[in-house]
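Chain and residue survey
Each chain, letter by letter, is given below.
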Amino acid sequence: TVAETEEKEAQKDYEAMMAECAEKRTLDSKSLTDKEASKAEMQGTLETSEGETKSTAKELMATQQYMASLHAECDWLLQYFDVRKTARAEEIDSLTKAKAILAGADFSLLQLRTGSSVARARKFLQRA
């Protein structure tokens, strides 16, 4: 009877242990399913983020190229500002004289300015 009692207790312990193991397997299985779902969601987010990163990098490169072209254009304007200013002033002067001639003024005795700056200004205006 002692052996039967010990066997019954061992059987109860075994059944309890098997129930705990089954419960643990169920929890582990649920945990694994949750982790797989979370992993899939994170991979989707990663792919989306990588796509956005590539798109943003392309946009950044285009913006930098545009800024470089603007910088070059501004450098050109600054480099030739004085030449353009001189050319415009001479053009205004020439138009004023032409207007005066058309109005009847006589500039035949007036000495005109000659020099390399006038020639450079005209060449510059012809290129622009």
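In this text, all values refer to a predicted model and were calculated from it rather than measured experimentally.

1. Some details on the overall build of the protein chain
Counting its regular elements, the protein chain contains 3 helices and 0 strands. The secondary structure elements of the protein chain, listed N-terminal to C-terminal, are α-α-α. Residue burial in the protein chain is summarised as follows: out of 128 residues, 4% are buried. Summed over its atoms, the accessible surface of the protein chain is roughly 11,700 Å², and 58% of this surface lies on carbon and sulfur atoms.

2. Brief notes about the packing of aromatic side chains
All told, the structure shown has 1 aromatic pair when counted by the stated rule. Ring geometry for Trp76 and Tyr80: centres 5.3 Å apart, planes at 50°, overall tilted. With a relative accessible area of 25%, Tyr80 lands in the partly exposed category.

3. Quick notes on helix 2 (residues 81-102)
With 22 residues, helix 2 ought to run about 32 Å at 1.5 Å a step, and its terminal C-alpha atoms sit 31 Å apart, in line with that. One or two positions beyond helix 2, positive phi appears at Gly104, with a value near 115°.

4. Observations regarding the pattern of salt bridges
A pair can form between side chains of opposite charge whenever their charged atoms are brought close. The final tally for this structure, using the stated rule, is 4 salt bridges. A salt bridge links Asp28 to Lys24, with the shortest nitrogen-to-oxygen separation between them at 3.2 Å. One end of the pair is Asp28 and the other is Lys24, both in helix 1 (residues 2-79) and 4 residues apart, which spans about a single turn. Classification of Asp28 as partly exposed rests on a relative accessible area of 41%. Among the ionic pairs, Lys30 bridges to Asp34, the shortest N-O distance being 3.5 Å. Taken together, the residues span about one helical turn, with Lys30 and Asp34 both in helix 1 at a distance of 4 residues. Take Lys30: its relative accessible area is 53%, and that puts it in the exposed class. By relative accessible area, which is 43% here, Asp34 ends up partly exposed.

5. Points about the confidence of the model for the protein chain
Chain-level statistics for the protein chain give a pLDDT mean of 88 and a share of 81% at 70 or above. Looking over the protein chain, one finds the lowest element-wise mean pLDDT in helix 3 (residues 116-127), namely 63, and the highest in helix 1, namely 96.

Rules used in this analysis
Residues numbered from 1 in each chain as written. Predicted model: local features only at pLDDT ≥ 70, side-chain atom pairs only at ≥ 80, totals over all residues. Heavy atoms only, no water. Helix = DSSP H or I, 4+ residues; strand = E, 2+ residues; numbered from the N terminus. Buried < 20%, exposed > 50% of the residue type's maximum accessible area, 1.4 Å probe, protein only. Areas by Shrake-Rupley, 256 points an atom, 1.4 Å probe, with all protein chains shown as cover. Phe/Tyr/Trp six-rings, centres within 6.5 Å; stacked < 30°, edge-to-face > 60°. Expected span 1.5 Å × (residues − 1). Salt bridge = Lys/Arg side-chain N within 4 Å of Asp/Glu carboxyl O. pLDDT = per-residue confidence, 0-100.

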